[in-house]
Amino acid sequence: MIEVINSQLYKIEIPLPNNPLKSLNSYVIKSKDRNLLIDTGMNREECITAMEQALEQLEIDLNITDIFITHLHSDHTGLVPYLAKENSRVYCSRVDAAYINSSGNWQGMLGYALKNGFPADEDTILKHPGYKYAPGSKIDFTIVKEKDEIIIGDYKFTCISTPGHTRGHMCLYEPYKKILVSGDHILYKITPNISLWTDEDDPLKDYLASLEKTRKLNVDLVLPAHRMIFNDLNKRVEELKDHHNKRLRDIMAVIKDNTLNAFQVASKINWDLSYSDWNEFPTPQKWFATGEVISHLKYLENRGMVKRSLVNDKLAYILI
């Protein structure tokens with residue numbers, strides 16, 4: 001499905017079957033000299049078919065089309081090798097580009113999941129949509145950084161670094177048209193997943209700082225990568241901050257007087273998903289939930305509110 005957003009600017013809805021996200025919003029800026037495609041969908045037939053039909057309807061010549069990837073996840077990168085032509089520039093942040101071309105650190109993530117109580121095995125990775133529908137080959141990226149500009153037709157985008165959802169997540173800001181292409185940094189009605197699978201980072205801290213950063217932009221229209229387009233950026237930023245503050249409180253309430261690992265905590269949180277019981281969650285959803293709990297526990301630990309220790313070779317947390 002194609003929606004006209006503005007002059008030269010279109011939204012293509014790419015289906016994500018059997019995924020709670022439902023679909024990806026891919027955006028196209030079309031001009032007579034060059035086009036820009038923002039995010040692509042997964043490397044699977046349903047996405048390829050939808051993208052091909054939309055590009056044909058819009059009469060997009062891929063030979064004069066560049067691609068901008070907001071971040072590393074496969075629902076945004078999966079079709080890049082299929083769509084990029086010899087003279088296409090594929091823009092991405094340095095850190096996420098490196099991760100994509102390294103094929104990720106799936107074994108490292110699996111090991112960290114086990115350490116946090118996840119009852120994981122090799123099938124856990126094989127079932128993960130990020131693994132199943134990844135690009136499948138290395139990509140020749142053009143690296144972009146904070147304040148770099150991408151000019152397509154009447155649009156002059158500025159790259160805005162917004163780490164949190166991933167370390168290298170990047171938005172596009174058009175200051176003259178007051179448009180923010182927000183990727184998975186800011187979504188409406190649903191909340192971006194902020195996960196952690198390493199001891200090295202504090203992604204929730206990064207994410208909250210990125211929310212404050214984008215709130216300072218003069219924006220009339222937000223173009224997210226999933227669900228609906230919206231207008232009130234500041235209101236949504238406040239809602240997202242409130243959501244994570246509530247999640248932090250919920251986690252502390254679950255731990256209470258207990259010593260629990262992240263998987264145990266995740267199993268006791270009320271998630272906004274259409275399953276009546278934690279046991280009904282598909283493995284990928286348990287993975288995302290556990291990763292989100294780990295990121296929040298890390299945030300609490302770094303602020304001296306919880307303490308962790310090894311209990312039966314698992315990382316476990318208690319309140320301080």
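This is a predicted model, so every value here is computed, not measured.

Cut-offs applied
- Residues numbered from 1 in each chain as written.
- Predicted model: local features only at pLDDT ≥ 70, side-chain atom pairs only at ≥ 80, totals over all residues.
- Heavy atoms only, no water.
- Salt bridge = Lys/Arg side-chain N within 4 Å of Asp/Glu carboxyl O.
- Helix = DSSP H or I, 4+ residues; strand = E, 2+ residues; numbered from the N terminus.
- Buried < 20%, exposed > 50% of the residue type's maximum accessible area, 1.4 Å probe, protein only.
- Phe/Tyr/Trp six-rings, centres within 6.5 Å; stacked < 30°, edge-to-face > 60°.
- Lys NZ or Arg CZ within 6 Å of the ring centre and 35° of its normal.
- Core = buried A, V, L, I, M, F, W, Y, C linked by side-chain atoms within 4.5 Å.
- Contact = heavy atoms within 4.5 Å.
- Pairing = 2+ DSSP bridges.

A. Local environment of the pattern of salt bridges. If you walk through the whole model with that rule in mind, you get 18 salt bridges. The residue Arg-247 makes a salt bridge to Glu-292 at a minimum N-O spacing of 3.2 Å. Residue Arg-247 is located in helix α9 (residues 233-255), and its partner Glu-292 is located in helix α11 (residues 283-302); the two are separated by 45 residues in the primary sequence. No difference in accessibility class separates Arg-247 from Glu-292, as the two residues are buried. The closest approach of N and O atoms between Arg-308 and Glu-301, which form a salt bridge, is 3.2 Å. What makes Arg-308 partly exposed here is its relative accessible area of 24%. What makes Glu-301 partly exposed here is its relative accessible area of 22%.

B. The packing of aromatic side chains, seen in detail. Summed over all chains, the structure comprises nine aromatic pairs. Taking the centre distance of 5.3 Å and the plane angle of 75° together, the rings of Phe-118 and Phe-263 count as edge-to-face. In this pair, Phe-118 is assigned in the loop between α5 (106-115) and α6 (122-127) and Phe-263 in helix α10 (residues 262-266), connecting sequence segments 145 residues apart. Where Phe-118 meets Trp-287, the ring centres are 5.6 Å apart and the plane angle is 75°; that geometry is what we call edge-to-face. In this pair, Phe-118 is assigned in the loop between α5 and α6 and Trp-287 in helix α11, connecting sequence segments 169 residues apart. Both residues of the pair, Phe-118 and Trp-287, belong to the buried class. Taken together, the ring pairs connect Phe-118, Trp-197, Phe-263, Tyr-275, Trp-278, Phe-281 and Trp-287 into an aromatic cluster. It is Lys-177 that lies over the ring of Tyr-155; its NZ or CZ is 4.8 Å from the centre. Taking NZ or CZ as reference, Arg-303 lies 3.6 Å from the ring centre of Tyr-299, over its face.

C. Local environment of the nonpolar core. Counting 49 residues, the largest nonpolar core has Ile-251, Val-265, Trp-271, Trp-287 and Val-293 as the members making the most contacts within it. Elements with a contribution of two residues or more to this core: α5, β10 (170-174), α8 (203-215), α9, α10, α11 and β15 (314-319). Apart from the residues within four sequence positions on either side, Ile-251 is in contact with Val-265, Ile-269, Val-293, His-296, Leu-297 and Leu-300. Listed in part, the 31 residues of the second largest apolar core include Tyr-10, Ile-48, Ile-67 and Tyr-133.

D. Examining the pairing of strand β12 (residues 221-224) more closely. Here β12 shows a buried face lined by Leu-221 and Leu-223 and a second buried face lined by Val-222 and Pro-224. By the bridge criterion, four bridges tie strand β11 (residues 179-183) to β12 in an arrangement that is parallel. Paired with Gly-183 across the bridge in β12 is Pro-224.

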